[in-house]
Amino acid sequence: MQTIKYQKPERLLIKNANYLDPAEGGPRQVDVLIENGTIVRVEHAIDGVDGAETIDGTGKLLTPGWLDMHVHFREPGREDEETVKSGCAAATAGGFTGACPMPNTEPAADTRGIIEYMIAEAKGTPVDVYPIAAATKGRKGRELSEMADLIEGGAVAFSDDGVAIATAEMARRAMEYASMFDVPIIEHCEEPSMTEGGAMNESAVSTRLGLPGMPGVAEDIIVARDILLTEITGARLHIAHISTARSVELVRQAKQRGLPVTCEVTPHHFTLTDEAVASYDANLKMNPPLRTQNDVDAIIEGLADGTIDVIATDHAPHSPEEKDVEFQAAPFGIIGLETALGLIMTQLVEPGHLRLEEALHKITLAPRNILRLPHPKLAVGQVANLTLFDPKHEWTVEASRFYSKSRNTPFLGWTLRGRVHAVINKGFLWVSPDV
Amino acid sequence: MQKHLLGLEGVPREEIELILKTAFSFKEILSRPIPKVPTLRGKTIVNLFFEPSTRTRISFELAEKRLSADTVNFSASGSSVQKGETLRDTIRNIEAMKMDMVVIRHSAAGAPHFLTRCIDAAVINAGDGRHEHPTQALLDMMTLQERVGKLEGLKVAIVGDILHSRVARSNIYGLQTMGAEVAICGPKTLIPVEADQWGVEIFYNIDDAIRWADALNVLRIQLERQRTGLFPSLREYAAHFGVTRARLEAAQKDLIIMHPGPINRGIEIENDLADSEFSVILNQVTNGVAVRMAVLYLKSGVTETLE
Ligand SMILES: [Zn+2]
């Protein structure tokens, strides 16, 4: 684990950067002068500025800061695994200036106090934290959480993530209630009666490995249920970490019918298949589980045709004590913030599945639109909210270089291309010591 | 020769042949007045049993004693200790001991694989969850080979709860490697998804399986599965999948009947059939010790030849 150091430069000059905003199209070369966190000049060439900290953007891309709309920061409850502060450090190192912590903390984020605490904890970091609050009290699916109060506290969406909202009736009511405030319900789609005791995707691989399976249809059933509920409630529905071909098709059809349904996918679900589980390494255990090649192909198709709006990491830190056990006993989840860019570049952009601006759209404009958050603009008078990265920088994933408190990832030792060089937001500057 | 025996999937034919050949030599030794050899003298073997299993544990212990190894037994029942913590904590405790081999039985698939990442000793899988039980399949193959001479071309049907059976998986891998044909038979709810990818015949009708097979490996049916909704009742199971003399007679075949034990008499197999001329169940028990001696010897790294 590395300790992060943020700077607070009074004047910051970015030279020779190629600015690429998916809202604008094609890159343009600019110099940017920032004073106390606010953009004061954007010109083709800015010279002769005294006393400015200068960053050379040559060969790198400057973009609006990225947003990861699905992370787990483990605070309150498991501060040994991650805190809001360490999670923000990992987000920063991954290029994200915004992160949405999920409410499955201990206790669940179902009260305004917890939401306000999470936001306050991020104050000394370049990351804007936009919490997603529990849709039902304690995520138990019996009573609605106090949504209006939670929104006033800063919550931007509601979810019982970790599980689906327990019953169809409760999901309907949560959607109806949330739709009054135009906030989305984010659903972890899993029919629990079909996945109890499951450890991996149910497939020829689970059959071979003798591991209890979690069938893809358990996801599809809740996706279908909630799409139908969207139809009668008019509520906005966002499907978290979509992982099956059939669910992608269900979302595609819902969009064709004009329903307000969006979805996200994690980097591991477009990168790995359940074949990887053959090692019984618990860092390959996540929920939803890794699926088949057929599902991965459908996900990549869904990313390319716009069915899948967002890439989000589902960053899920776990202590080595918990993860370094036999596969069936390990908890679900892997960290993802610091490998997201590398996997997007190496697995999606380089093979030609997505153009770079399409990929960036899925971590900037798309999640902010879903959450009704303003899109950072490169214009005089605006808060500088920027990510500078080198799309070609090759690096090897090493546990010791992570800023997250945890290191549970199957990508250790992988060679990836694409690395963040600097992050600027809220007056803070972070420059990577590794690039 | 691979260092560990984690399963039979991927184990080459020559290695299985060597294990079986060695097991037949040990079987001969076991019939001597003093059925003991000094082969593994000075070697320490740890038996880690996280699941109750009298038969397999006794068979391994006997094999170890016959080979003159020093043994340490560790047993823990699944309910008395928290899952997950147990295995790692136990490993920490035994890491300091100088051990040459570990025999492990665990309720989690992949537990032996996890063990290989924690310790240097050779690991023998004595059953991991519903994954594999390689020594059981080896003794089944030894028993078949003893009875019919060769495994090549032999048709073996495995009957019962294939979904939860490590015995079924190991038999499928081992038998196919040895050139036998394998079928599985049971209620559809107890056949795992995409089982056809194993390249096995699948029967939902026991009479079809009997007509097809040269040998039946009948698995124990567990009552707990009924409660999880996987089949309606033992009564219905016995009526539709039970192996009976009437069914064998109707097929007019001399089948070999195996069972890994313990038997639910009158459920998966008719009461007297287990003791009939069709049955090789007692041979399986004897061969179990010989096969485990062979595996322990071959994985021990000891090179002295047997006499
Ligand atoms: Zn989730």
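Since the model is a prediction, treat every value here as computed from it, not as a measurement.

## Some thoughts on the overall build of chain B
Argument step 1. Counting its secondary structure elements, chain B contains 11 helices and 9 strands.
Argument step 2. For chain B, whose C-alpha radius of gyration is 19 Å, the value lies close to the compact-globule estimate of 19 Å for 307 residues.
Argument step 3. Once the C-alpha set of chain B is aligned to its principal axes, its extents read approximately 55 × 45 × 35 Å.
Argument step 4. Residues classed as buried in chain B amount to 58% of the 307 residues present.
Argument step 5. Counting contacts in chain B only where the partners sit at least 6 residues apart, residues at least 24 apart contribute 73% of the total.
Argument step 6. Total accessible area on chain B stands at roughly 12800 Å², and carbon and sulfur atoms take up 49% of it.
Argument step 7. Each charge class in chain B was averaged separately, 36 positive and 38 negative side chains, and the resulting centres sit 4 Å apart.

## Some thoughts on the side chain of D100(B)
Residues and elements named next belong to chain B.
Argument step 1. You can see D100 is positioned in the loop between α3 (85–95) and β3 (101–106).
Argument step 2. Separated by 3.3 Å, the side chains of D100 and K98 make a polar contact.
Argument step 3. Excluding residues within four positions of it along the chain, D100 makes contact with G42, K43, T44, A121 and A122.

## Side note on the domain arrangement of chain B
Residues and elements named next belong to chain B.
Argument step 1. What the domain assignment reports for chain B is domain 1 (13–132 + 285–300) and domain 2 (134–283).
Argument step 2. On the domain 2 side, the residues contacting the 29 residues of domain 1 number 29 residues.
Argument step 3. For the domain 1 and domain 2 pair, buried surface summed over both sides reaches about 2400 Å², with 60% attributable to carbon and sulfur atoms.
Argument step 4. For domain 1, the biggest contributors to the area lost against domain 2 are R13, R130 and E132; these three give 28% of the whole.
Argument step 5. Counting across the domain 1 and domain 2 interface gives 3 salt bridges.
Argument step 6. Viewed at the interface, domain 2 and domain 1 are joined by 15 residue pairs in polar contact (both at pLDDT 80 or more).
Argument step 7. Secondary-structure elements contributing two or more residues to the side of domain 1 that touches domain 2 are α1 (13–30), α2 (54–66), β3, β4 (122–128) and α11 (281–299).
Argument step 8. For the side of domain 1 that touches domain 2, the per-class residue count stands at 11 nonpolar, 8 polar and 10 charged.

## Description of the packing of aromatic side chains
Geometry of an aromatic ring pair is reported as the spacing of the ring centres plus the angle between the planes.
Argument step 1. Within the structure shown, the criterion is met by 12 aromatic pairs over all chains.
Argument step 2. Consider the rings of F50(B) and F74(B), whose centres lie 5.7 Å apart with planes at 50 degrees: the pair is tilted. Of this pair, F50(B) sits in the loop between β1 (44–49) and α2 while F74(B) sits in strand β2 (residues 70–75), and the two are 24 residues apart along the sequence.
Argument step 3. Lying across the ring of F332(A), K285(A) places its NZ or CZ 4.9 Å from the centre.

## Some words on the side chain of E326(A)
Argument step 1. Within the secondary structure, E326(A) is located in the loop between α10 (320–323) and α11 (340–349).
Argument step 2. Among the polar contacts made by the side chain of E326(A), one reaches the side chain of H106(B) at a distance of 3.4 Å.

## Details of the interface of chain B and chain A
Accessible area lost upon the coming together of the parts is a frequently used measure of interface size.
Argument step 1. On the chain A side, the residues contacting the 23 residues of chain B number 19 residues.
Argument step 2. Both sides of the chain B and chain A interface together cover about 1700 Å² of buried area, and 51% of this is carbon and sulfur.
Argument step 3. Where chain B packs against chain A, one counts 2 salt bridges.
Argument step 4. A salt bridge links E9(B) to R208(A); the nearest nitrogen and oxygen atoms lie 2.9 Å apart.
Argument step 5. Where chain B touches chain A, the interface holds 10 residue pairs in polar contact (both at pLDDT 80 or more).
Argument step 6. The set of elements that each furnish at least two residues to the side of chain B that touches chain A consists of α3, α4 (111–118) and α6 (166–177) of chain B.
Argument step 7. No other element matches α4(B), which puts 4 residues into the side of chain B that touches chain A.
Argument step 8. Its residues assigned to classes, the side of chain B that touches chain A shows 9 nonpolar, 7 polar and 7 charged.

## Let's talk about a nonpolar patch on the surface
All names here are of chain A.
Argument step 1. A surface patch of nonpolar side chains, about 200 Å² in accessible area, is lined by M194, V217 and I221.
Argument step 2. Checked against the element boundaries, M194 lands in the loop between β11 (185–187) and β12 (200–201).
Argument step 3. For M194, a relative accessible area of 33% corresponds to the partly exposed category.

The rules behind the values
Along each chain, residue indices are assigned from 1 in the same order as the chain's sequence is written. Following the order in which they are written, the chains are lettered starting with A and the ligands numbered starting with 1. For this predicted model, a pLDDT threshold of at least 70 governs which residues receive local features, and a threshold of 80 or more governs which side-chain atom pairs are given and counted, while totals over whole chains, interfaces and linings are taken from all residues. To get the side-chain values, take all heavy atoms of the structure and skip hydrogens and water. Numbering goes from the N terminus for both helices and strands, where a helix is a DSSP run of H or I of at least four residues and a strand is a run of E of at least two. The atom set for the radius of gyration is the C-alpha atoms, and the globule formula is 2.2 Å times the number of residues raised to the power 0.38. Buried means the residue's accessible area, taken with a 1.4 Å probe over protein chains only, is under 20% of the maximum for its type, while exposed means over 50%, and partly exposed covers the values in between. Every residue pair with non-hydrogen atoms within 4.5 Å of one another is taken to be in contact. Accessibility throughout is a Shrake-Rupley quantity obtained with a 1.4 Å probe, and a residue counts as covered only by protein chains that appear here. Counting rule for charge: Lys and Arg are taken as positive, Asp and Glu as negative, and neither His nor the chain ends is counted. Charged side chains are reduced to one point each, which is NZ for Lys, CZ for Arg, CG for Asp and CD for Glu. Two N or O atoms count as a polar contact when they lie within 3.5 Å, although within protein this holds only if one can serve as hydrogen donor and the other as acceptor, and sequence-adjacent residues are included solely when both atoms are side-chain atoms. Bear in mind that the domain bounds are from an automatic or database domain assignment. Two parts placed together each lose some accessible area; with a 1.4 Å probe, that loss summed over both constitutes the buried area. When a carboxyl oxygen of Asp or Glu is within 4 Å of a side-chain nitrogen of Lys or Arg, the pair counts as a salt bridge. Note that Gly is not counted as nonpolar here; it falls among the polar residues with everything else outside the nonpolar set of Ala, Val, Leu, Ile, Met, Phe, Trp, Tyr, Cys and Pro and the charged set of Asp, Glu, Lys and Arg. A pair of Phe, Tyr and Trp rings is counted when the ring centres sit within 6.5 Å of each other, with Trp represented by its six-membered ring. The angle between the planes then sorts it: under 30 degrees is stacked, over 60 is edge-to-face, the rest tilted. In our convention, an over-ring charge means Lys NZ or Arg CZ found within 6 Å of a ring centre and within 35 degrees of that ring's normal. What makes a patch is a set of residues exposed beyond 30% relative accessible area and free of salt bridges, joined within 9 Å when like-charged and within 5 Å when nonpolar (Val, Leu, Ile, Met, Phe, Trp, Tyr).

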